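Listed below, chain by chain, are the residues.
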Amino acid sequence: MTTNLPIGPIMLDVAGFTLAADEKDKINHPNTGAVILFSRNYQNPEQVTELINSIRAARNGKLLIAIDQEGGRVQRFQQGFTRLPPAASYAKAPELAEPAGWLMAAELLAVGVDFSFAPVLDIDCGVSDIIGNRSFSTDPELATRLSSLFRKGMNAAGMAATGKHFPGHGAVALDSHLTLPVDERDLDSIRAKDLLPFKQLIEEGLEGIMPAHVVYPKIDPNPAGFSPFWIGQILRKELNFNGTVFSDDLSMEGAASVGDFPERARLAQLAGCDMILVCNNPAAAEQVLDALPVTQDPIREQRLSRMQGKPQMNREQLMRNEKWLQLSTLINTHQYA
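Residues numbered from 1 in each chain as written. Predicted model: local features only at pLDDT ≥ 70, side-chain atom pairs only at ≥ 80, totals over all residues. Heavy atoms only, no water.

J.: Go over the pairing of strand 8 (residues 208–211), please, and point to the residues and values.
T.: In strand 8, alternate side chains face the same way, and those of Gly-208 and Met-210 on one face and Ile-209 and Pro-211 on the other are all buried. Where strand 8 meets strand 11 (residues 244–245), two bridges bridge the pair, whose relative direction is parallel. Note on strand 11: the bridge partner recorded for Gly-208 is Thr-244. (Buried < 20%, exposed > 50% of the residue type's maximum accessible area, 1.4 Å probe, protein only. Helix = DSSP H or I, 4+ residues; strand = E, 2+ residues; numbered from the N terminus. Pairing = 2+ DSSP bridges.)

J.: Break down empty space enclosed by the protein for me, citing the residues and quoting the values.
T.: Across all of its chains, the model carries two cavities of 30 Å³ or more by this definition. Estimates place the volume of the largest cavity at around 80 Å³. Split into classes, the residues belonging to the lining of the largest cavity amount to eight nonpolar, one polar and two charged. If you add up the space inside the second largest cavity, you get close to 50 Å³. Lining the second largest cavity are Trp-102, Ala-106, Leu-109, Ala-110, Ala-157, Pro-311, Gln-312, Met-313 and Leu-318. Among the elements that make up the lining of the second largest cavity, the one with the highest residue count is helix 3 (residues 97–111) (four residues). By residue class, the composition of the lining of the second largest cavity is eight nonpolar, one polar and no charged. (1 Å grid on protein atoms, 1.4 Å probe; cavity = no way out; pocket = protein on both sides within 12 Å on 5 of 7 lines; lining within 4 Å. Points joined across faces, edges and corners; volume = space filled by probe spheres on them. Nonpolar A, V, L, I, M, F, W, Y, C, P; charged D, E, K, R; others polar.)

J.: Can you break down the packing of aromatic side chains residue by residue, with the values?
T.: Taken as a whole, this structure holds 13 aromatic pairs when the rule is applied. When the ring of Phe-166 is compared with that of Phe-198, the centres are 5.3 Å apart and the planes differ by 85°; the resulting orientation is edge-to-face. Placement of Phe-166 in strand 7 (residues 162–166) and of Phe-198 in helix 6 (residues 195–203) is noted, with a sequence separation of 32 residues between them. Its relative accessible area of 0% is what places Phe-198 among the buried residues. Considering the side-chain rings of Phe-229 and Trp-230, the 5.7 Å spacing of their centres and the 70° angle between planes classify their relative orientation as edge-to-face. Here the basic side chain of Arg-264 rests over the ring of Phe-261, its NZ or CZ set 4.1 Å away from the ring centre. Taking NZ or CZ as reference, Arg-315 lies 5.4 Å from the ring centre of Phe-81, over its face. (Phe/Tyr/Trp six-rings, centres within 6.5 Å; stacked < 30°, edge-to-face > 60°. Lys NZ or Arg CZ within 6 Å of the ring centre and 35° of its normal.)

J.: An account of the UniProt feature "active site" (unreviewed entry) in the chain is needed here, citing residue identities and associated values.
T.: When the UniProt feature table is mapped onto this chain numbering, "active site" (unreviewed entry) sits at His-177 and Asp-248. One can find Asp-248 in the loop between strand 11 and helix 8 (261–271). The class of Asp-248 is buried, set by a relative accessible area of 10%. (UniProt positions renumbered as here; feature names shortened; annotations may be inferred.)

J.: How would you explain the UniProt feature "binding site: substrate" (unreviewed entry) in the chain if you had to name every residue and give the values?
T.: Following the UniProt record, one finds the feature "binding site: substrate" (unreviewed entry) at Asp-68, Arg-76, Arg-134, Lys-164 and His-165. Considering only the annotated residues already named, the ones lining the largest cavity are Arg-134. Along the chain, Asp-68 falls in the loop between strand 3 (64–67) and strand 4 (69–71). The buried category is assigned to Asp-68, whose relative accessible area is 12%. Once you skip the residues sitting within four places of it in the chain, Asp-68 turns out to touch Ile-36, Val-74, Gln-75, Arg-76, Ser-116, Phe-117 and Lys-164. (Contact = heavy atoms within 4.5 Å.)

J.: Could you give an account of the pattern of salt bridges, naming the residues involved and the relevant values?
T.: Scanning the entire structure with this criterion turns up 18 salt bridges. Here Asp-188 and Arg-191 are joined by a salt bridge, their closest N and O atoms 3.7 Å apart. In this pair, Asp-188 and Arg-191 both sit in helix 5 (residues 187–192), three residues apart, roughly one turn of the helix. Residue Arg-191 is classed as partly exposed on the basis of its relative accessible area of 32%. Linked by salt bridges that have partners in common, Asp-68, Glu-70, Arg-76, Arg-134 and Lys-164 make up one network. (Salt bridge = Lys/Arg side-chain N within 4 Å of Asp/Glu carboxyl O.)

J.: Outline the sheet that holds strand 1 (residues 10–13), supporting the account with residue identities and numerical values.
T.: One open sheet accounts for five strands, arranged 6-3-2-1-12; its pairing is parallel. A single partner strand is all that each edge strand has here, and the edge strands are strand 6 (115–116) and strand 12 (276–277). Where strand 1 lies against strand 12, two bridges are found, and the strand directions are parallel. The residue of strand 12 that forms the bridge with Ile-10 is Ile-276.

Listed below in structure tokens is the structure:
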């Protein structure tokens, strides 16, 4: 039996608080590389630490554990964790952006999570309910500065960051979880506004990026996550991004237009995605795991290895840490208008 499987290209999920036998088998599939956790997987810090340990034990090799823990309405772990405000709140308290990034990352790392899909780099254009206050600002320069500070805090705690949703989801009203949004702007408009946070954070060393399930028909007919133009030409060549590209969840309706699940995964890989998310659909995850060829890709594996967490404290140590005590109190007591 292989005892040192590399990080594979598929991120999947699990159903509950503990692992089922069939989930252990999927986790040990050669194409599996990560597990993303949701609110349904969380009771308390002790339980989720045990779950994460069992997930890692089920794989004969490397594995990443991920989560969406932005703050505001997107925070999967709440009880026992500092309740973080939405990103837009930091515009009125910019001094808290970096501490909040550290706090979010330190708490997750202490229970065994490698990284959170954060920060959101979308610019709020006043039309998107699904983005809205998940964006740091309507002002591209302020959004860039605040997201950079948030990432700096994450990095200081030992966590890599993933900017989303490239090249920008904030100018469309529709929710890509439910349908395929269409952004009618041209490339110059997007370069002048939406790409600014991505450009700056890439220059600062951003480790991961997630493209949007949005189509920009004046630029390319494919949704960004399936577009060699957006990922290969703009992201890799123009912006010189050398980190990990994560697809957004292939179970979202914004991905349905390109085909069935194996075809979605194939096209996402061809476009340049290093890791493909298939969540909330166990049958689809099995299809994708078996449909993709098992291949060795040293460049992909090197990129993904940068996403591994570097925890500085376990949960018990964190709870006694003076910095954590001060920042958790500060964030919990700060009034956001």
